[in-house]
Every structure is written in C-alpha cells, then in structure tokens.
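A look at the structure
Now for the letters of each chain:
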Amino acid sequence: MTQRKRIALLSTGGTIASAPGTEGRAIAGALPGEQLLASTQLEGVIDVHVESVFQKASNSIAAPEWAHLAKRCRMLAEKGDIDGIVITHGTDTLEDTAYYLHSTLDTQSVPVVVTGSQRTPHAMGSDAFSNLRQALELAANDKARSLGVLVSFNQSVYSAGFVRKVSSYQLNGFDAPGLGPVGLLDNGEFHLLQWPARQALLPVPDQLVRVDILPVYGGADRSTAESLVRSGCQGLVIDGLGRGQVPPSWVSVIENAIQDGLVVAVCSSTLHGAVHESYDYPGALHDLVLAGAVSVSHVSARKARIRLALSLSAFGAQLDAIRSAFEWRSPFP
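Residues numbered from 1 in each chain as written. Predicted model: local features only at pLDDT ≥ 70, side-chain atom pairs only at ≥ 80, totals over all residues. Heavy atoms only, no water.

**Some details on the pairing of strand β8 (residues 156-159)**
Here β8 shows a buried face lined by S156 and Y158 and a second buried face lined by V157 and S159. Pairing geometry for strand β7 (residues 150-153) and β8, over 4 bridges, is antiparallel. Pairing of S152 across the sheet is with V157, part of β8. Where β7 folds back on β8, the antiparallel hairpin that results is connected by 2 residues, among which N154 adopts a positive phi of roughly 55°. Note that β8 and strand β11 (residues 183-186) share 2 bridges and pair antiparallel. Considered in β11, the bridge of V157 is made with G183. (Buried < 20%, exposed > 50% of the residue type's maximum accessible area, 1.4 Å probe, protein only. Helix = DSSP H or I, 4+ residues; strand = E, 2+ residues; numbered from the N terminus. Pairing = 2+ DSSP bridges.)

**What about the sheet that holds strand β13 (residues 211-215)?**
Hydrogen bonding along the main chain pairs the strands of a sheet, whether they run parallel or antiparallel. Across the sheet, 4 strands lie side by side as β13-β14-β15-β16; this open sheet has parallel pairing. Every interior strand has two partners, whereas the edge strands, β13 and β16 (294-295), have only one. Bridge analysis of strand β15 (residues 263-268) against β16 gives 2 bridges, and the strand direction is parallel. Residue pairing across strands places A265 opposite V294, the latter belonging to β16. Taken strand by strand, helix α5 (residues 222-229) contacts β13 and β14 (235-240), and its axis lies near 180° from that of β13. Strands β13, β14 and β15 of the sheet are contacted by helix α8 (residues 301-315), whose axis makes an angle of about 155° with β14. (Contact = heavy atoms within 4.5 Å. Axes fitted to C-alpha atoms, helices over the stretch in contact; angles between N-to-C directions.)

**Focus on the side chain of E137**
Tracing the backbone through its elements, the reader meets E137 in helix α4 (residues 128-139). When near neighbours in sequence (up to four residues on either side) are disregarded, E137 contacts L42, I46 and G188.

**Describing the packing of helix α3 (residues 94-104) against α8**
The N-to-C vectors of α3 and α8 enclose an angle of 40°; their axes lie 10 Å apart at closest approach. Comparing the axis directions of α3 and α8 gives the class oblique. Where α3 crosses over α8, the two elements pack in a sense that is right-handed. On α8, the residues touching E95, D96, Y99, Y100, S103 and T104 of α3 are R302, K303, I306, R307 and L310. (Parallel < 35°, antiparallel > 145°, perpendicular 65-115°, else oblique. Left-handed = near helix turned anticlockwise from the far one by under 90°.)

**A closer look at the pairing of β14**
With 6 of 6 residues buried, β14 is to be regarded as a mostly interior element. Of the two faces of β14, the one lined by G235, V237 and D239 and the one lined by L236, I238 and G240 are each fully buried. Note: β13 against β14, 5 bridges, orientation parallel. In the strand pairing of β14, P215 is matched with D239. Running through α5, the crossover from β13 to the neighbouring parallel element β14 is right-handed. The pairing of β14 with β15 spans 6 bridges and is parallel. Bridge assignment links D239 to a residue of β15, and that residue is C267. On the question of chirality, the crossover connecting β14 to the parallel β15 by way of helix α6 (residues 251-259) is right-handed. (Right-handed = clockwise from strand over helix to strand, strands pointing away.)

**A short note on unusual backbone geometry**
Positive phi, close to 70°, is recorded for Q155, a residue that is not glycine. Relative accessible area serves as the criterion here: at 39%, Q155 is assigned to the partly exposed category. Look at H298: it is not a glycine, yet its phi comes out positive at around 70°. Tracing the chain through its elements places H298 in the loop between β16 and α8. The class of H298 is partly exposed, set by a relative accessible area of 41%.

Below, the structure written as structure tokens:
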C-alpha cells in the first residue's frame, strides 16, 4: 500500500479565505485553513497539516510576512517529515510573496506551491476549492521538486520567477507573458512541459532595506524622479520604457543620485523581453548603465524591487554581486 503524501498547508488569508460581510462585500482572510481544506475532497488521499499563519488581505502582506513565511517553510522542510508545502494567498500580491520565496528557498527536496482564487468561496462558480485541491496535488508530486517556488492557478503551473497577475477578476488570473506555464494539471496529474531558468538563492535578511519603484511614462516630469531619489530609499528600480529608456531630463537626476550612493536598477515596463543598450539618444539605457545603473531583464519592476532589496541586504552596494544576483542560470548542472 502506497504511503499517503504529507503536505503542510499555510493559510495567509486573501480572497480564497473570504467570508461574506453584512453589506455584501467580502471580508478577506476570515476563513481558517481547516475550513478551506474540508471542501477539497482530499481526505484519505493526502495527509494535510494546516497552519493559519496570517488572516489578512494580501495588500497587508509585505517584507515581515515574507521573511516569516520563508523561515517557516525552511523549518518545515528541515524537519524532514513533510513532502510538500502549499501557501494560500490573496491574489493582489501573490506574485510578490511567491517571488520572495522563490529567491530564498531551496525546493530540491520539498516543493513549495502558492495558490489563491479570483472568486470568494461563497461566490457562484468559485475557483477557491479547485485551486486549493490542485495546489495540494501538485505539492505532493515528485516532479514539482527542484523547479523553484511554483504558482498553481486554474489548472496551470507557473514559475514564481515569471508569473504575473493578468486579470483583476477572470478565473485565468495569472500567466507568464511570453513564456507560458511550466506545466499543466489534469485530473491530479502534473504534466511538466518546461524547466524554468533560475536565479541564485539569496539569504533571508533580518530586515529588508527600502527599495522603491520609479515608473516611466510619456511626459513624465523631471520633478517626479527628483522627489523619489531624495526620499531616503537605498535602492531604486526604474520601470523603463521599451528597452529601458527614461525621459531625457531624468538622466542627470539619475547620474547624480548614483554618484551620491543610490543603487539603481533598470527594467522594462513591457510584459516580456530584455532591456538592451540598443539606442544612442538622450535617455537611452546606455546613458544609465554608463552612469552605473544595473540593467535587469525578464522580471517585472515589482520582482526587481524585491531582488534588489534582498541583494542590497546581502551584499551592500557591491554592484558586481548585485548584477550577478540578477543573472538567469540554466536549471541543469
């Protein structure tokens, strides 16, 4: 007789754990994990230990909660008595939490899967219980090991390195634009289709340094950049246009900020594609790299912010180490 897999379910709140409020709006995080588990119909199939870690809407989850989850996952994995970990989470910041864990957790022996739902458990056609069931089945599958942290949603499996929320309400709420899922879930089976590239793991700091995001848009005023670089952040991610461009009037502001010790990373606000020093005109990426900015490819500004903060916490302002932390590596030795 095959021994049942043992999964730790860490509940953090969000839409998937919402209950109806008195005025018709949902109260996020009101349901404990045990109540969610009871509707998955997995009793006797998978042994699940539930911990209600937080009961929050995901707009309240940030660096302290990320560090707590990372440390708890590590402790559970090191005990050696579980086969996988599932984290339920609100969808608004699910990709942020998943990427933090992806940047700090080794999943070679214990898969870590993050899931949520677009509809509350009490809504018609809710995806809450099906998403949870599929995430538990994925975490119990040996093929989910060594892929990094995974996001399971609507029968699709994504690498936390590339996943993004792409719809505010539809059931296919997540995707990896330009890349697609690493695999699919079908009647309890995990069909692994591609191995995701990875970035080096980084330590979990006691306190994450402050890194802000500076969005770029047509007509953005110089004062927008000036106000943020003077605000006291230790790192700055510029969510650049196209290949990593900024308005011409911003260049001197960024140059001066870098000279004063601010660490600046530049990514693209497009859904996919690398930044590149393709152009020779004022405000092109080449100007920023020449001034000492770090160019970042294949992550959103939200992810770049997390990784820059982790890198600064680990390495200080050592730019070579920070650049190396953003490099993508083959999943194979």
